[in-house]
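# Descriptive analysis of the structure
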Number of protein chains: 2
Amino acid sequence: MNNFEYYRPTRILFGKGMISQLSSLLDKAQKILLLYGGGSVKKNGVYEQVAKALEGYNYSEFGGIEPNPEYETCMKAVELVKRENIEFILAVGGGSTLDAAKFIAAAAKYEGKDPYDIITEEYEVKDALPVGDVITLPATGSEMNGNSVISRASTGRKAAFVSEKVYPEFSIIDPQTTFSLPVRQTVNGIVDTFVHTMEQYCTYDVNTPLQDEWMLGLLRTLIQEGPKALAKPEDYDARANIFWCATCGLNHFMSLGCVQDWATHQIGHELTAFYGLDHGQSLAIILPRLLQNQKLSKSEKLAKLARNVFGVEESVDLKAAGVAIYKIEEFFNFIGMKTHLADYGIDAGEAAEQARKALAMRNVKLGEKGAVTADTAFEIIRNS
Amino acid sequence: MNNFEYYRPTRILFGKGMISQLSSLLDKAQKILLLYGGGSVKKNGVYEQVAKALEGYNYSEFGGIEPNPEYETCMKAVELVKRENIEFILAVGGGSTLDAAKFIAAAAKYEGKDPYDIITEEYEVKDALPVGDVITLPATGSEMNGNSVISRASTGRKAAFVSEKVYPEFSIIDPQTTFSLPVRQTVNGIVDTFVHTMEQYCTYDVNTPLQDEWMLGLLRTLIQEGPKALAKPEDYDARANIFWCATCGLNHFMSLGCVQDWATHQIGHELTAFYGLDHGQSLAIILPRLLQNQKLSKSEKLAKLARNVFGVEESVDLKAAGVAIYKIEEFFNFIGMKTHLADYGIDAGEAAEQARKALAMRNVKLGEKGAVTADTAFEIIRNS
């Protein structure tokens, strides 16, 4: 097991009716910014529950955060935060809204020349406004981590920053808020969670049997519960199980001491930036081809997955690894997720070339062994 | 899944050489109390590493915390804390030292008449000094929870309190510190972790598949790694895996939203209080008999355990449950843990009567359904 540090001071309130606890978590003396997205929270009753809990509190609103939150939109919110002396940001909605809240919280306290610095790899966030959330989409795990992914239209770049300073103080999860999710978003969330887990699991063994048990257990649970929620959108337990998988899928607890990958995400971000694919869609396209490309070096973990998650009895690791990749893609297709660029009318050759240029400019060496270069990404996308 | 709240702001530093990070976690302006037990930390080199990290810091020492920490000893430390205006308590050693630190931290800020109130169920801790630790025994999970168990010689009572106010600010875990553990303590720790997991897992199903996967995965890992550490005490990975199991076994993360039991612990505490049995020893005696006594109501979970952990193929739940109980006791015996009172020269009938009296006085209804009364405990112990 590798050495690790873990610190995650977010308070989680999970379950039916938990939004009513919101007022007990906020300070009446603080000026709050209520941040949300495209308005789905006004349709599904969540806004109403939040507004009720905020009665008597001093708050402003900012809506219109995009599904892949835009730097430019976030900066408008930062202006509002400064103008109105906001002291606490309450994000209500999906991971995108929460990611935006984290960036806005850091940008409001940023004192340098260009707040986009926050998203570049060299900069370390020194201070941020406190953030809390009512999270309504099981996918990003943003509710229990310090990650934030921000897009910038003017440069076509989608990039992440990570900081302890933007851990949510609290996250409220009521699985009932996901009953009305469109099928597409439910599927995206299942795939996103699946791939988060794969990025943490599918590298090479450093003797972490408990962590492997937990990651494989999460994959098994997703495969079992995902179709239930799709078949019966108001199945509370299925929705709760999927949401808890999503939160645990990226609070990094289950993979402490393990070697991680994240190449699928970084290549996927390029597809989202160029073609506007949903994050989950981009991952479902890249993962099978990346695993195929890296099969030899990932064969031990893939074979373990084949046997433990899909019940494959093949004893040769490399053969079992191939079956695992096939079974993963089959699962994505089974729940209605497409796994080829052509399914979205995108030319794979052109996409591959676009991504190669962008990744070569940053001179990337992705993956757990730095083996995924811009040229490798080209191969992976061309095969997609 | 049941509703739940989770908050665990402890920073974990896990791995080789992590004790050297201690100074970066402490404030030089604070007066620190260095708390430890019977002196094993002076033999295994941990005290030396801590003293080195504390060079230039302002600290006092208090040694001699017992394996089942005594209220009377703790109160002597509280006097020292008050006399010397201690502002931070650093526990170095096993869970007992850390449990004592938590009580001392709360008692130093207690303003009522009798600090023993803290340990009674009615009292809620309002404030406590900050606590941090270098934990050297994988067993109690105290390094990532707010639990503390304190014994009181004058009344023969061993009891616990739980408070968010005493979560360690940080816990440093270097598995190398466990290389020199006596076999008895290694075995105690494995059994303690096993039973902690059973208390959280083995009740009745409320549709928590991820949590069940994680708890069963932890049991499988313990069964796999425990014997390795016993066979080769300096096997770093086996020691690391056992320690991480112990921490995860009682930080309550893996059982969020589940129904819990804890009757084995409460009955076991009586045996420790009367006969001075090690905590782990008392649990190994009680658990198999308690499961036997409650087999009918726990049969679904026991059968799942039999199949998933022990590979039992029996399809009738009640029969599989019986095999699970047998297999658990067999595992305890295999790693060298005795499972009968007679093994320690204790008369089961007498012990049963003693415990019945003590538990009847408190009118207990233990277990997930409140079905374990003083009379049930009598039956369980008499069969031990």
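## Considerations on the overall build of chain A
A count of helices and strands for chain A gives 14 helices and 9 strands. A globule of 384 residues ought to have a C-alpha radius of gyration of about 21 Å, and chain A, at 20 Å, matches this closely. C-alpha extents for chain A along the principal axes are approximately 65 × 45 × 45 Å. For chain A, with 384 residues in total, the buried portion stands at 56%. Contacts in chain A between residues at least 24 apart in sequence constitute 76% of all its contacts with a sequence separation of at least 6.

## A few points about the environment of B:Pro288
Residue and element names in this part refer to chain B. Relative to the assigned elements, Pro288 resides in helix α10 (residues 279–293). Sequence separation between Pro288 and Ala324 is 36 residues, and the spatial gap between their C-alpha atoms is 9.5 Å. The contacts of Pro288, once residues within four sequence positions are left out, are Ile325, Ile328, Glu329 and Thr339.

## Focus on the sheet that holds strand β5 (residues 88–93) of chain A
In space, the 7 strands of this open sheet follow the order β4(A)-β3(A)-β5(A)-β6(A)-β9(A)-β2(A)-β1(B), with mixed pairing throughout. With partners counted over all chains shown, the strands left at the sheet margins are β4 (58–62) of chain A together with β1 (4–6) of chain B, one partner each. Ignoring which end each strand starts from, the neighbouring axes of this sheet average 15° apart. Bridging between strand β6 (residues 131–135) of chain A and strand β9 (residues 170–173) of chain A involves 4 bridges; their strand directions are parallel. From the neighbouring strand, A:Ile135 faces β9(A), where its bridge partner is A:Ile173.

## Quick notes on the domain arrangement of chain A
All names here are of chain A. For chain A, the assigned domains are domain 1 (11–177) and domain 2 (181–382). Here the C-alpha centroids of domain 1 and domain 2 sit 26 Å apart. Taken together, the contacts link 16 residues of domain 1 with 21 residues of domain 2. When grouped by side-chain class, the residues that make up the side of domain 1 that touches domain 2 number 6 nonpolar, 7 polar and 3 charged.

## Some points on the relation of the copies chain A and chain B
The operation relating the two chain copies consists of a rotation about an axis and a shift along that axis. Between chain A and chain B, which share one sequence, the superposing operator has a rotation angle of 180° and an axial displacement of 0.0 Å; the RMSD is 0.0 Å. Look at the turn and shift together and you get a two-fold axis relating the two. Within chain A, the C-alpha atom positioned nearest to the axis of rotation is that of A:Pro9, 2.0 Å from it. Comparing interface residues between copies, 100% of those in chain A also sit at the interface in chain B, which points to an isologous, same-surface contact.

## Examining the packing of helix α7 (residues 209–231) of chain B against helix α11 (residues 295–310) of chain B
All names here are of chain B. Contact geometry of α7 with α11 gives a least axis separation of 10 Å together with a crossing angle of 50°. Judged by the angle between their axes, α7 and α11 are oblique. Of the two possible hands of crossing, α7 and α11 adopt the one that is right-handed. The residues of α11 that touch α7, namely those facing Leu216, Leu219 and Arg220, are Leu305, Asn308 and Val309.

## Looking at the interface of chain A and chain B
By convention, interface size is frequently given as the accessible area that disappears when the constituent parts associate. Tallying the contact residues gives 33 residues for chain A and 33 residues for chain B. Residues of the side of chain A that touches chain B, tallied by class, amount to 18 nonpolar, 8 polar and 7 charged. Pairing analysis gives 3 bridges linking strand β1 (residues 4–6) of chain A to strand β2 (residues 11–14) of chain B, with the strands arranged antiparallel. Following the sheet pairing, A:Glu5 is matched in β2(B) by B:Leu13.

## Quick word on the pairing of strand β3 (residues 31–35) of chain A
Residues and elements named next belong to chain A. Among the 5 residues that make up β3, 4 are buried, leaving the element largely enclosed by the rest of the structure. The sheet contact formed by β3 and β4 spans 5 bridges and is parallel. Bridge pairing links Ile32 to Tyr59 in β4. Pairing geometry for β3 and β5, over 4 bridges, is parallel. If you follow Leu34 over to β5, its bridge partner there is Leu90.

## What to know about the environment of A:Leu26
Residue and element names in this part refer to chain A. Within the secondary structure, Leu26 sits in the loop between α1 (22–25) and β3. In this structure, the C-alpha to C-alpha distance between Leu26 and Val206, residues 180 residues apart in sequence, is 42 Å. Sequence-distant contacts of Leu26, defined by excluding residues within four places in its chain, comprise Ile32, Tyr57 and Phe88.

## Here's the deal with helix α14 (residues 374–382) of chain B
Listed in full, the buried residues belonging to α14(B) are B:Thr376, B:Ala377, B:Phe378, B:Ile380 and B:Ile381. In this fold, the buried residues of α14(B) make contact with α9 (263–275), α10 and α13 (348–361) of chain B.

## A word on α10(B)
Residues and elements named next belong to chain B. Spanning 15 residues, α10 covers 21 Å between terminal C-alpha atoms, matching the ideal 21 Å at 1.5 Å per step. Of all the bends found along α10, the most pronounced is centred on Ile286 and spans about 25°, while Pro288, a proline, follows it within four residues. Judged by how many residues are buried, α10 sits mostly within the fold: 14 of 15 residues are covered.

Conventions adopted
Residues numbered from 1 in each chain as written. Chains lettered and ligands numbered in written order. Predicted model: local features only at pLDDT ≥ 70, side-chain atom pairs only at ≥ 80, totals over all residues. Helix = DSSP H or I, 4+ residues; strand = E, 2+ residues; numbered from the N terminus. Rg over C-alpha atoms; globule rule 2.2 N^0.38 Å. Buried ≥ 20, exposed ≤ 12 C-beta atoms within 10 Å, placed from the backbone. Contact = placed C-beta atoms within 7 Å. Pairing = 2+ DSSP bridges. Axes fitted to C-alpha atoms, helices over the stretch in contact; angles between N-to-C directions. Domains from an automatic or database assignment. Nonpolar A, V, L, I, M, F, W, Y, C, P; charged D, E, K, R; others polar. Least-squares fit on C-alpha atoms with pLDDT ≥ 70 in both. Parallel < 35°, antiparallel > 145°, perpendicular 65-115°, else oblique. Left-handed = near helix turned anticlockwise from the far one by under 90°. Expected span 1.5 Å × (residues − 1). Bend = angle between axes of the 7 residues up to and from the residue.

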